[in-house]
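Given next are the chains, with one letter for each unit.
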Amino acid sequence: MGETTGFLRYDRELPPRRPVPVRLRDFGEIYEPATTEHIRTQAARCMDCGIPFCNDGCPLGNLIPEWNDLVHDDHWRQASERLHATNNFPEFTGRLCPAPCEASCVLSINAKPVTIELIEKSIADRSWAEGWVTPVRPAQGTGRSVAVVGSGPAGLAAAQQLTRAGHRVVVFERDDRLGGLLRYGIPDFKMDKALIDQRLAQMVAEGTEMRTGVEVGVDITVDGLRAEFDAIVLATGSTVPRPLAIPGADLLGVHWAMDYLTEANRVVAGDIEEPAVSAQGKRVLIIGGGDTAADCLGTAHRQGATHVIQFDINPKPPEERDAHHNPWPLWPLVYRESPAHEEGGERSFAINTVRVVDDGSGGVSAVRAVQVERHLVDGQKVYEPVPGSEFDVECDLVLVALGFTGPARGGLVDGLGVDIDSRGVIVRDHEWQTSVGGVFVCGDAGRGQSLVVWAIAEGRAAAASVDRYLTGSTLLAAPVPPD
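Note that the structure is a prediction, hence the values are computed from the model and not measured.

Right, let's get into the overall build of the chain. Summing up its helical and strand segments, the chain has 19 helices and 14 strands in all. Whereas a compact globule of 483 residues would reach a radius of gyration of roughly 23 Å, the chain reaches 23 Å, a difference of no more than 12%. If one aligns the C-alpha atoms of the chain with their principal axes, the spans along those axes are about 70 × 65 × 50 Å. Counting all 483 residues of the chain, 51% fall into the buried class. Within the chain, counting contacts between residues at least 6 apart in sequence, those at least 24 apart form 67% of the total. For the chain, the exposed area adds up to about 21300 Å²; of that, 50% sits on carbon and sulfur atoms. The distance from the centre of the 45 positive side-chain charges to the centre of the 67 negative ones in the chain is 2 Å.

Here we take up the sheet that holds strand β13 (residues 397-400). One open sheet holds the five strands; their spatial order is β5-β13-β6-β7-β8, and the pairing between them is parallel. The strands lining the two open edges of the sheet, one partner per strand, are β5 (254-256) and β8 (346-349). Averaged over neighbouring strand pairs, the angle between their axes works out to 20 degrees when direction is ignored. Relative to β13, strand β6 (residues 283-287) is paired through four bridges, and the arrangement is parallel.

Applying the stated rule across the entire model yields seven aromatic pairs. Taken together, a centroid distance of 5.2 Å and an interplanar angle of 35 degrees make the contact between Phe 89 and Phe 92 tilted. For the pair Phe 89 and Phe 92, a shared accessibility class is recorded, and that class is buried. The interplanar angle of 75 degrees and the centroid separation of 6.1 Å between the aromatic rings of Phe 311 and Phe 391 together place this pair among those described as edge-to-face. Here Phe 311 is found in strand β7 (residues 307-312), whereas its partner Phe 391 is found in strand β12 (residues 391-394), with 80 residues between them in sequence. Among the residues examined, Phe 311 registers a relative accessible area of 2% and is labelled buried. Above the face of the Tyr 184 ring, Arg 266 is positioned so that its terminal group lies 4.3 Å from the ring centre. Just above the ring of Phe 189 sits the side chain of Arg 302; from NZ or CZ to the centre is 4.0 Å.

Structurally, the position occupied by Val 170 is in strand β2 (residues 168-173). According to the relative accessible area criterion, Val 170 is buried, its value standing at 0%. Residues Val 170 and Thr 208, spaced 38 residues apart in sequence, show a C-alpha to C-alpha distance of 6.1 Å. In contact with Val 170, not counting residues within four places along its chain, are Val 146, Ala 147, Val 148, Glu 209, Arg 211 and Phe 229.

On to the pattern of salt bridges. Tallying each qualifying case throughout the model produces 32 salt bridges. Among the salt bridges present, the one from Asp 421 reaches Arg 423, with a minimum N-O distance of 3.4 Å. By relative accessible area, Arg 423 is classed as partly exposed at 47%.

This paragraph deals with the side chain of Gln 160. Secondary-structure assignment places Gln 160 in helix α10 (residues 153-164). Accessibility expressed as a relative area gives 0% for Gln 160, which makes it buried. A distance of 2.8 Å separates the side chain of Gln 160 from the side chain of Asn 88, its partner in a polar contact.

Pairing in this open sheet of five strands is parallel, and the strands run β3-β2-β1-β4-β14 from one edge to the other. Looking at strand neighbours, the two that pair on one side only are β3 (209-212) and β14 (439-441), the edges of this open sheet. Taken pair by pair, the neighbouring strands of this sheet meet at an average axis angle of 20 degrees, ignoring direction. The sheet contact formed by β2 and β3 spans four bridges and is parallel. From the neighbouring strand, Glu 173 faces β3, where its bridge partner is Thr 212.

Next up on the list: the packing of helix α14 (residues 257-269) against helix α15 (residues 291-303). For the pair α14 and α15, interaxial distance at closest approach is 10 Å and the crossing angle is 45 degrees. One finds that α14 runs oblique with respect to α15. Helix-helix and strand crossings are classified by hand; for α14 and α15 the assignment is left-handed. Along the contact surface, α14 presents Ala 257, Met 258, Tyr 260, Leu 261 and Ala 264, while α15 presents Thr 292, Asp 295, Cys 296, Thr 299, Ala 300 and Gln 303.

Below, the discussion takes up the pairing of β2. The buried count for β2 comes to five of six residues, which makes it a mostly enclosed element. When strand β1 (residues 145-149) meets β2, the two strands line up parallel, connected through five bridges. Counted as the bridge partner of Ser 145 is Arg 168 from β2.

Grouped together as the largest cluster of nonpolar side chains are 68 residues, with contacts concentrated most on Trp 67 and Val 233. Ranked by residues supplied to this core, first place goes to helix α19 (residues 452-471) with eleven residues. Ignoring anything within four residues of it in the chain, the contact list for Val 233 reads Val 146, Ala 147, Val 148, Val 149, Ala 158, Leu 162, Phe 440, Cys 442 and Val 466. Counting 21 residues, the second-largest nonpolar core is a separate cluster that includes Val 149, Val 216, Ile 426 and Val 436.

Further remarks concern α10. Taking 1.5 Å as the rise per residue, α10 with twelve residues should run 16 Å; its terminal C-alpha atoms sit 17 Å apart, in good agreement. Extensive coverage of α10 is indicated by the burial of eleven of its twelve residues. Taken together, the buried positions of α10 are Pro 153, Ala 154, Gly 155, Leu 156, Ala 157, Ala 158, Ala 159, Gln 160, Gln 161, Leu 162 and Thr 163. With its phi angle positive at about 105 degrees, Gly 166 sits one or two positions after the end of α10.

Conventions used here
Residues numbered from 1 in each chain as written. Predicted model: local features only at pLDDT ≥ 70, side-chain atom pairs only at ≥ 80, totals over all residues. Heavy atoms only, no water. Helix = DSSP H or I, 4+ residues; strand = E, 2+ residues; numbered from the N terminus. Rg over C-alpha atoms; globule rule 2.2 N^0.38 Å. Buried < 20%, exposed > 50% of the residue type's maximum accessible area, 1.4 Å probe, protein only. Contact = heavy atoms within 4.5 Å. Areas by Shrake-Rupley, 256 points an atom, 1.4 Å probe, with all protein chains shown as cover. Lys, Arg positive; Asp, Glu negative; His and termini not counted. Charge placed at Lys NZ, Arg CZ, Asp CG, Glu CD. Pairing = 2+ DSSP bridges. Axes fitted to C-alpha atoms, helices over the stretch in contact; angles between N-to-C directions. Phe/Tyr/Trp six-rings, centres within 6.5 Å; stacked < 30°, edge-to-face > 60°. Lys NZ or Arg CZ within 6 Å of the ring centre and 35° of its normal. Salt bridge = Lys/Arg side-chain N within 4 Å of Asp/Glu carboxyl O. Polar contact = N/O pair within 3.5 Å; in protein donor to acceptor, adjacent residues only side chain to side chain. Parallel < 35°, antiparallel > 145°, perpendicular 65-115°, else oblique. Left-handed = near helix turned anticlockwise from the far one by under 90°. Core = buried A, V, L, I, M, F, W, Y, C linked by side-chain atoms within 4.5 Å. Expected span 1.5 Å × (residues − 1).

Right under this line is the structure:
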């Protein structure tokens, strides 16, 4: 490594965030840019650990020690080449991934891990700024064609890999813009959408065809799709929201988190002037404790909510890892705060929602909740209400962020006749193929809701299987096997 004792000499340090009063005025990205010297110093903390568990912690198998060393030695272009060798979209993962690589960093056994995600983001951003990211066109075509349904990170990764393998690839997206949840589910304060557009421009220049506003099974028949293409990749995501099964869930003022975030993103993009649902001047209650709930929190603050409360049914995690039940290098089950939590609002744990209270005219006046205790019964989590702990929270807007149960059924999924498992996701075999020959699935549609890094990894792996299915062999990397 560049400095074998760097991890002893330097502390982990992230670039500063923009001050809260400043960043709440807009939807710009939260972090200030880091200097080159800062990044090189952080890269120097990568220790000569012998076995880089970070490689295994990353679903993409990113060559982390290699590009850390190259950055430290100021070989940024070579670092970009090593990064892009395993990751199609490091500018996405460098901003959105929760960094399981850092959790498995050997340094994190008894110290703070290397700032791997920051270094990744910095390499990616410099690659674009220096013009090192250019179209990678195939040497020759195969004469075979592939339809990729869905333009989220899994679909785009599969499409780029298959195009570079020489196939004719067409991406079908039912929305008016490409990017899936990257476009409409992630607020701009986490990732500027110009990053999606510049990567799409590269893909189009490579030969990938993009068709927006096309819902397969509605605007084009399933039979028509199968007749036109030699293989189909389903990358539609897990889009069916988990229901809020309590009285009053259908009242005016109760909205799915993803609908709320989509409208907010459309305003930022300039597609619409005002969102259908806004938190401006409202008391907001967010039901859910994950990343989507935090995105709603940050968005509500920027829209001018008067007060925001977030309910999480799970107990508050511990500050430190339980080394006995949750040892390194497993993902640490510890308390975390996103930048949105830094911006205000209340965060309550071990709370279950019981009822949404009608204001008398079909709207929301309050939410009734109860404290709960979590127990394990036959290995399953059970939440038992604490007697006498019910309480009401006055609110005007309720945002439901309870996750997703699988891909939408209907024209495409039902028309193809692919098997669905008990979780509601599409069944795939060891080659990423569904129960229907020539139809493959990757990302959340087959895995269930997960991380952006898993989506890209599955897209790359599924592309290798499709290439092998069409040609008998493949040179494409397959970083992960199906579950």
